[in-house]
Amino acid sequence: MFKTFLSLRYLRARKTNWIGVAGIFVAVAALILILSIMAGFLAESRKHLRGNLADLVITPADGRIEHGKEPSRDLERLLALVEEDPRVAGATPQLVWYGLVMPEFAASAMERPMQDAITLVELVGIDHEREAKVTSFGESLSKDFAVKFPSLGRPDDIADPFKLPRNYRPEGRPKPPMIVGEQLGHVWQLRKGDEVPVMTATIDRETRVVNEEPSKRSFVVAGTFRSGENEMDFQRAYFDRRDLADYLGLSEGPTPRDFSSVLVRLHDYARDKDAVRTELYEKLHEAGFLHDPESAYREITTWEDRRQNLLRAIENERALMGIMLSLVLVVAGFTVFALLSMMVIEKRRDIGILSALGATPRGVMALFLLIGLWQALLGAALGAGAGIWAAIRIDAIEQWLSRTFGFQIFNRDVYFFDHIPSVIEPLGVSLIVGGAVILTLVFAAVPAWRAARLNPVDALRYE
Amino acid sequence: MADTFEANPVRAPYGAAQEVADSVALAARGIERSYSIGGRSIGVLHGVDLELRRGERLALMGASGAGKTTLLNILGLLDRPTAGSVWIEGESAWELELVERARLRNRRIGFVFQFYHLLAELDALENVLLPALIGLSRAEYTRRRKELRGNAREMLERFGLAERLTHRPGQMSGGEQQRVAIARALILDPPILIADEPTGNLDRGTGEKVLELLLDEQGRRGTSLLLVTHDERLAQRCQRVVHIEDGRVR
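Since we're looking at a predicted model, the values are computed, not measured. (Residues numbered from 1 in each chain as written. Chains lettered and ligands numbered in written order. Predicted model: local features only at pLDDT ≥ 70, side-chain atom pairs only at ≥ 80, totals over all residues.)

Caption draft 1: Structural detail: the overall build of chain B. Check the secondary structure of chain B and you find eight helices and 11 strands. Relative to the 2.2 N^0.38 estimate, which gives 18 Å for 250 residues, the radius of gyration of chain B is 18 Å and therefore close to what a compact globule would have. Taken along its principal axes, the extent of the C-alpha atoms in chain B is 50 × 45 × 40 Å. Residues counted as buried form 47% of the 250 residues belonging to chain B. (Helix = DSSP H or I, 4+ residues; strand = E, 2+ residues; numbered from the N terminus. Rg over C-alpha atoms; globule rule 2.2 N^0.38 Å. Buried ≥ 20, exposed ≤ 12 C-beta atoms within 10 Å, placed from the backbone.)

Caption draft 2: Spotlight on the overall build of chain A. A tally of helices and strands in chain A yields 19 helices and nine strands. At 32 Å, chain A has a C-alpha radius of gyration far larger than the 23 Å of a compact globule built from 463 residues. The dimensions of chain A, computed from C-alpha atoms along their principal axes, are 110 × 55 × 40 Å. The 463 residues of chain A split such that 39% are buried.

Caption draft 3: Expanded view of the nonpolar core. With 131 residues, the main nonpolar core has A:Val28, A:Phe368, A:Ala436 and B:Leu227 as its most contacted residues. For this core, the leading source of residues is helix α2 (residues 17-50) of chain A, giving 14 residues. Contacts of A:Ala436, omitting those with residues within four sequence positions, involve A:Ile24, A:Ala27, A:Val28, A:Leu329, A:Ala376 and A:Ala380. (Core = buried A, V, L, I, M, F, W, Y, C linked by C-beta atoms within 7 Å. Contact = placed C-beta atoms within 7 Å.)

Caption draft 4: Representation of helix α10 (residues 241-248) of chain A in the model. Residue and element names in this part refer to chain A. Turning to α10, its buried residues number three or more, namely Arg241, Leu244, Ala245, Tyr247 and Leu248. Down the axis, α10 shows its buried residues gathered within 160° of arc, on one side only. Those residues of α10 that are buried lie in contact with β2 (88-101), β3 (121-126), β6 (215-225) and β7 (236-240). Trailing α10 by a residue or two, glycine 249 shows a phi angle of about 70°, which is positive. (Arc of directions from axis to C-beta.)

Caption draft 5: Seen up close, the environment of A:Thr135. Residues and elements named next belong to chain A. Note on placement: threonine 135 falls in the loop between α6 (128-134) and α7 (137-142). On the neighbour-count criterion, threonine 135 (24 C-beta atoms within 10 Å) is buried. Look past the residues within four positions of threonine 135 in its chain and what remains in contact with it is Asn52, Leu53, Ala54 and Leu263.

Caption draft 6: Representation of the sheet that holds strand β6 (residues 91-92) of chain B. Residue and element names in this part refer to chain B. Pairing is antiparallel in the open sheet, where four strands are placed in the order β3-β2-β5-β6. Edge strands, defined here as strands with exactly one partner in the open sheet, are β3 (40-53) and β6. Against the sheet, helix α2 (residues 68-75) touches β2 (24-37), β3 and β5 (83-88), its axis set at about 120° to β2. (Pairing = 2+ DSSP bridges. Axes fitted to C-alpha atoms, helices over the stretch in contact; angles between N-to-C directions.)

Caption draft 7: Representation of the pairing of strand β4 (residues 57-61) of chain B in the model. All names here are of chain B. The buried fraction of β4 amounts to five of the five residues, a majority that puts the element mostly inside the structure. Where burial is concerned, the two faces of β4 agree: the one with Arg57, Ala59 and Met61 and the one with Leu58 and Leu60 are both buried. Where β4 and strand β10 (residues 240-245) come together, four bridges link them in parallel fashion. Pairing of leucine 58 across the sheet is with arginine 240, part of β10.

Caption draft 8: View of the domain arrangement of chain A. All names here are of chain A. Domain annotation for chain A reports domain 1 (2-47 + 311-460) and domain 2 (50-307). Relative to domain 2, the C-alpha centre of domain 1 lies at a distance of 51 Å. Its residues assigned to classes, the side of domain 1 that touches domain 2 comprises two nonpolar, no polar and two charged. (Domains from an automatic or database assignment. Nonpolar A, V, L, I, M, F, W, Y, C, P; charged D, E, K, R; others polar.)

Caption draft 9: Structural detail: the interface of chain A and chain B. Contact residues are listed per partner, giving 20 residues for chain A and 26 residues for chain B. Taken together, the elements giving at least two residues each to the side of chain A that touches chain B come down to α1 (2-13), α15 (348-356) and α19 (456-460) of chain A. The element contributing the most residues to the side of chain A that touches chain B is α15(A), with six residues. For the side of chain A that touches chain B, the per-class residue count stands at 13 nonpolar, three polar and four charged.

Caption draft 10: Up close: the packing of helix α3 (residues 98-108) of chain B against helix α4 (residues 124-135) of chain B. Residues and elements named next belong to chain B. One can describe the packing of α3 onto α4 by two numbers: an axis separation of 10 Å at closest approach and a directional angle of 145°. As α3 runs across α4, the sense of the crossing is left-handed. Seen from α3, the contacting residues are Arg103, Asn106 and Arg107; seen from α4, they are Pro131, Ile134 and Gly135. Here the contact of α3 with α4 is composed, by residue class, of two nonpolar, two polar and two charged. (Left-handed = near helix turned anticlockwise from the far one by under 90°.)

The following block contains the structure:
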């Protein structure tokens, strides 16, 4: 009974106790704020990283090399097999190759490399109608321009993006169309209707040797797209799949290699990804499309597999931030330890008096633990409130700070997004608050235990 | 009038002499206490026997260093004797569990110290109520709260501290503080009162008033009082005086 009463009285009476409360407050608020921002980064990144990727990507291995057997290349049947699964929302083939987009003045850049200007471009051949149902390709054609690139045009007709642009006046036979990433278009100052050469190396299908001559063909820019992910917007160009297969010489022969993967979209990715992946592999393996006996995971991947480096990096960063900021909490714990130790020394006589009046060592220990507990609860509660508030208002806070101190704290050009994202995770917040309280109690336990062991006779010895 | 006894005969406070046991509030048997300093054992008390009868005022006298305070700490259940036993109402206190002993201290013994020993963070009323706060369960305290607060207030008013109820020790004089301490010692109405030089830190006039108040209250309640002092005039106010010299009762 006296413990609650007296601990609150001691807490109030000693101004220094507020230092302990303040330390826990700052640590908890900082932890919640930073971890919420990191969680926001992760969520936002996932959204953007998925972008024009699909839920599942089926990439048949080249059976001729690995298993001595040509895998089946019947695309219509493959698509039918995939789409008959009720959990699949849609499937679309893609033909992927790598090449260089070389406008006229790129030659000088080749001689004297400008930083990052010349980069290998992913040449992606798609069936745009199917593509729009499976990936966010359709949205990437109508998305607002990033502020930096307002001058570039989108395709004239989003429903038929590969239609030749209206302003295109071909000399002779019209060139096939392509849609380039917004940033790629910006770097080379491309405009709708420009004819741009694309270079690549091709492979002899019989001998598997790279052809002597580089392959070059001009395409006309039908427009740009913006997926929101920097890498994709800088290093990808879309073609009509037949145009690309034709250019690469992959559409001829008894078994045309006119697709390299099939992208699949699921109705409920989070729920079904693993089950569908396994079942699809078995079905397609039986039908002769997939061959890898090792695991289904090489021939059927999820978009997360493809982006796992980035996702892991962010998750890692979050864990590191958590660990580093937990050290602030440890420092706050030490503050409580120091304050309570001082108080135990200062209150020696009081401890003796309490013992003489009938308090047990356990009661004395509880008294000092409670002082630590109040500090922890008060600091953690205020810290949680402040941390959550700051996490919700972080964008406004950052803008105010930037305005007041005159420099940009969060550089919006560096990231995929133009605001500071934050996601408040109730579980994370409770863990931080609970951890802060427990840690403080652990630190408070040492002085409290010392107080309990104090000999009342020594404590009462006359001053 | 002071009757001085040479020593008290050793008598068991239980069993055959039930009559005696009932009349004895506190008994000490063969108390020894030695400290080991630098590996050497130094004896302070060498077999002390003492009896405090119900309602009796007993003065314990002796020079500084004679072992008064050590004996007091042992009788007050604050310091464990090297040998011997302390009997409080028929229970051998040093053989009890720690919690039980704390309970005895809380309910059976009231302490008045030379230096008052009030808690600086509590006001007068709260200081008086502290033993109740320590010893009673939350439910019991809540149930008896009104009664206890009434008693505390009434006692302080009787002690002339009606204006001081919400004052902290720092805002009170020594005499006032000691009166609060006496009220604190009596709040749970313990059968035994141990006062260690209660006037030792007060000027003569104030000391006398405080002593008067203490003896008054003790007489009224029939509490047994063990008064430690080296002031002859104080001892004369007691029914019995026991001298302690070189760790022995004379």
